Amino acid sequence: MIIAFVHNNKAFLPELDAYQRFFAGYGITCITTTPAKLGGDRDVDWWLMGTDLYKPQPGIYRIHEYASGSVPPARQWKDLAKRFLNTRPHYRLFLNAYVKDIFSFRDNVPYGFRDMGLWPEQLSTAPPSTEKLYDFIYVGSVRRDTQIERLLDHFAARAPLAGRSLLVVSREYEHLRSKYSSSANIVFKGPVAQSSVLELIQQARFAINYKPDIAPHNRQTSTKLLEYAACRTPIVTTHFAWMRDFQARSGGHYFYLEPDLSNFTWEKVQAFDYSFPDLTEWMWEKQIRGSGVVAFLQEKFPEAFR
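What this report covers is the structure whose coordinates are included nearby.

Before going further, it helps to examine the overall build of the protein chain. Per the secondary structure count, the protein chain includes 11 helices and 12 strands. Taken over C-alpha atoms, the radius of gyration comes to 20 Å for the protein chain, in line with the 19 Å a tight globule of 306 residues would show. Taking the principal axes of its C-alpha atoms as reference, the protein chain extends roughly 60 × 40 × 35 Å. Partitioning the intrachain contacts of the protein chain with sequence separation of at least 6 by distance along the chain shows that 66% fall at a separation of at least 24. Element-wise, carbon and sulfur atoms account for 50% of the exposed surface of the protein chain, whose accessible area totals about 14500 Å².

Pasting the structure below:
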């Protein structure tokens with residue numbers, strides 16, 4: 001059995017590593033490709049959406065996975081277009097009920113929910129002893145819609161945290177590196193292999209979970225927060241709906257930033273009493289099996305799961 005994971009290379013996709021590892025346990029081959037290069041022998045086209053305007057091919061099952069809604073501008077029109085124009089799959093996966101409700105598909109295609117996760121060996125049971133090379137770390141997207149420049153400005157020359165170092169682990173950040181070239185305390189790195197991300201997190205004293213409290217960002221799982229918590233690195237975060245729901249569900253104690261960042265000072269961050277969440281419900285094995293997609297594939301390819 002061969003599963004082709006199809007994506008456009010525009011986003012961090014830690015779930016790809018998780019799927020490949022999970023299905024390798026059954027001897028199932030996983031390949032990754034872009035829509036333009038999709039071809040060859042395979043049994044399943046697993047699209048990490050985006051858009052899929054390609055015609056169905058006989059004998060190949062199609063899965064659509066929606067990890068988020070569209071981002072501004074005109075995000076509602078983009079979501080509506082995807083709803084009506086995307087090719088109809090055999091199974092859909094959504095990050096959560098909020099994402100499913102965004103698209104409101106009105107058909108009988110079976111679906112499930114698959115949230116983000118971790119592997120057990122990623123969990124640290126004690127504060128990391130790694131040498132601290134940075135005061136803060138931010139891992140994630142630096143697209144303009146993330147409003148990341150508000151955070152970086154707080155570390156720039158003559159700003160409140162100009163004397164503290166910040167490591168930004170991302171991709172496609174050249175415009176930002178140029179803009180903040182005079183701020184030697186802001187360091188950009190990436191793209192970085194997923195296996196190296198946790199090492200970098202452990203090299204920082206504090207980890208920043210920075211998301212604007214606007215849709216769809218504020219309802220989407222913060223993968224970096226799970227990784228920060230797994231490393232037991234104290235977390236500084238913005239207020240947004242998913243974060244508050246996560247704390248109510250999994251616990252932990254986090255330094256919440258004021259909207260204008262007025263409380264984001266070195267003294268206050270150091271003085272705060274941090275604690276970490278219970279991550280046992282956030283394991284990849286549980287997330288993938290609980291999504292229903294494994295049962296769907298087992299029904300179609302029973303010989304592959306023996």
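Moving on to a nonpolar patch on the surface. Among the surface-exposed residues, Leu53, Trp77, Leu80, Phe84 and Leu85 lie close enough to one another that they form a single nonpolar patch of about 620 Å² accessible area. You can see Leu85 is positioned in helix α2 (residues 75–85). For Leu85, a relative accessible area of 58% gives the class exposed.

Before going further, it helps to examine α2. When α2 is considered as a whole, its buried residues turn out to be Asp79, Lys82 and Arg83. Summarising the axial view, the buried residues of α2 lie within an arc of 100°, below the 170-degree limit, and thus occupy one face. Turned more than 90 degrees away from the buried face of α2 sit Trp77, Phe84 and Leu85, all of them exposed. Tucked inside the fold, the buried residues of α2 contact α3 (97–103).

Okay, the sheet that holds strand β2 (residues 29–33) next. With parallel pairing, the 6 strands of this open sheet are ordered in space as β2-β1-β3-β4-β5-β6. Among the strands making up the open sheet, the edge pair consists of β2 and β6 (111–113). The mean inter-strand angle of the sheet, taken between neighbouring strand axes irrespective of direction, is 20°. Sitting on the sheet, helix α1 (residues 14–24) is in contact with β1 (2–6), β2, β3 (44–48), β4 (61–66) and β5 (91–94), with an inclination near 160° to β2.

With respect to the helices, strands and loops of the structure, Asn209 is situated in strand β10 (residues 204–209). Setting aside anything within four residues of it in sequence, one finds Asn209 in contact with Ser222, Lys224, Leu225, Tyr228, Ile235, Val236, Thr237, Thr238, Phe240 and Met243.

Our next topic: the pattern of salt bridges. Under the counting rule described, the total for this entry stands at 15 salt bridges. Two residues, Lys300 and Glu299, come together in a salt bridge whose shortest N-O distance is 4.0 Å. Taking the relative accessible area as the measure of exposure, Lys300 reaches 29% and is therefore partly exposed. Among the ionic contacts, a cluster of salt bridges with common partners joins Glu15, Glu65 and Arg114.

Generally speaking, nonpolar side chains in soluble globular proteins are found buried as a group. Ranked by internal contacts, the top residues of the largest apolar core, which has 63 residues, are Ile3, Phe23, Trp46, Ile63, Ile137, Phe246 and Leu297. What Ile137 contacts, discounting residues up to four positions off in sequence, is Leu166, Leu167, Val169, Leu200, Ile201, Ala204, Phe206, Ala207, Ile208 and Tyr228. Within the second largest apolar cluster, 27 residues are counted, among which are Ile148, Leu161, Tyr173 and Phe188.

Each strand in a sheet pairs with another by means of backbone hydrogen bonds, the pair being arranged parallel or else antiparallel. The sheet built from 6 strands is open, its strands ordered β9-β8-β7-β10-β11-β12 with parallel pairing. Among the strands making up the open sheet, the edge pair consists of β9 (186–189) and β12 (255–256). In terms of strand pairing, strand β7 (residues 134–139) meets β10 through 4 bridges, oriented parallel. Looking at the pairing, Phe136 lines up with Phe206 of β10. Taken strand by strand, helix α6 (residues 194–202) contacts β7, β8 (166–169), β9 and β10, and its axis lies near 145° from that of β7.

Reading the values: rules and limits
Numbering of residues begins from 1 in every chain and follows the order in which that chain's sequence is written. In keeping with the predicted nature of the model, local features appear solely for residues at pLDDT of at least 70, side-chain atom pairs appear and are counted solely at 80 or more, and the whole-chain, interface and lining totals rest on all residues. Excluding hydrogens and water, the side-chain figures rest on all heavy atoms present in the structure. Segments assigned H or I by DSSP are reported as helices when at least four residues long, segments assigned E as strands when at least two residues long, and all are numbered from the N terminus. In this treatment the radius of gyration is a C-alpha quantity, and the globule benchmark scales as 2.2 Å times the residue count to the 0.38 power. We call two residues in contact whenever any of their non-hydrogen atoms come within 4.5 Å of each other. Calculation of accessible area relied on Shrake-Rupley with a 1.4 Å probe; when residues are assessed, cover is drawn exclusively from the protein chains displayed. Only residues whose relative accessible area exceeds 30% and that take part in no salt bridge are eligible for patches, with like-charged residues grouped when within 9 Å of each other and nonpolar side chains (Val, Leu, Ile, Met, Phe, Trp, Tyr) grouped when within 5 Å. Salt bridges are defined by distance alone: a side-chain nitrogen of Lys or Arg within 4 Å of a carboxyl oxygen of Asp or Glu. Each residue is placed in one exposure class: buried if its accessible area under a 1.4 Å probe, protein chains only, is under 20% of its type's maximum, exposed if it is over 50%, and partly exposed if it falls in between. Directions pointing from the helix axis toward each C-beta atom define the arc. Pairing between two strands is assigned when DSSP locates at least 2 bridges connecting them. Where helices are involved, their axes are fitted lines through C-alpha atoms of the stretch in contact, as for all axes, and angles between N-to-C directions lie from 0 to 180°. What we call a nonpolar core is a set of buried Ala, Val, Leu, Ile, Met, Phe, Trp, Tyr and Cys residues that are connected through their side-chain atoms within 4.5 Å.

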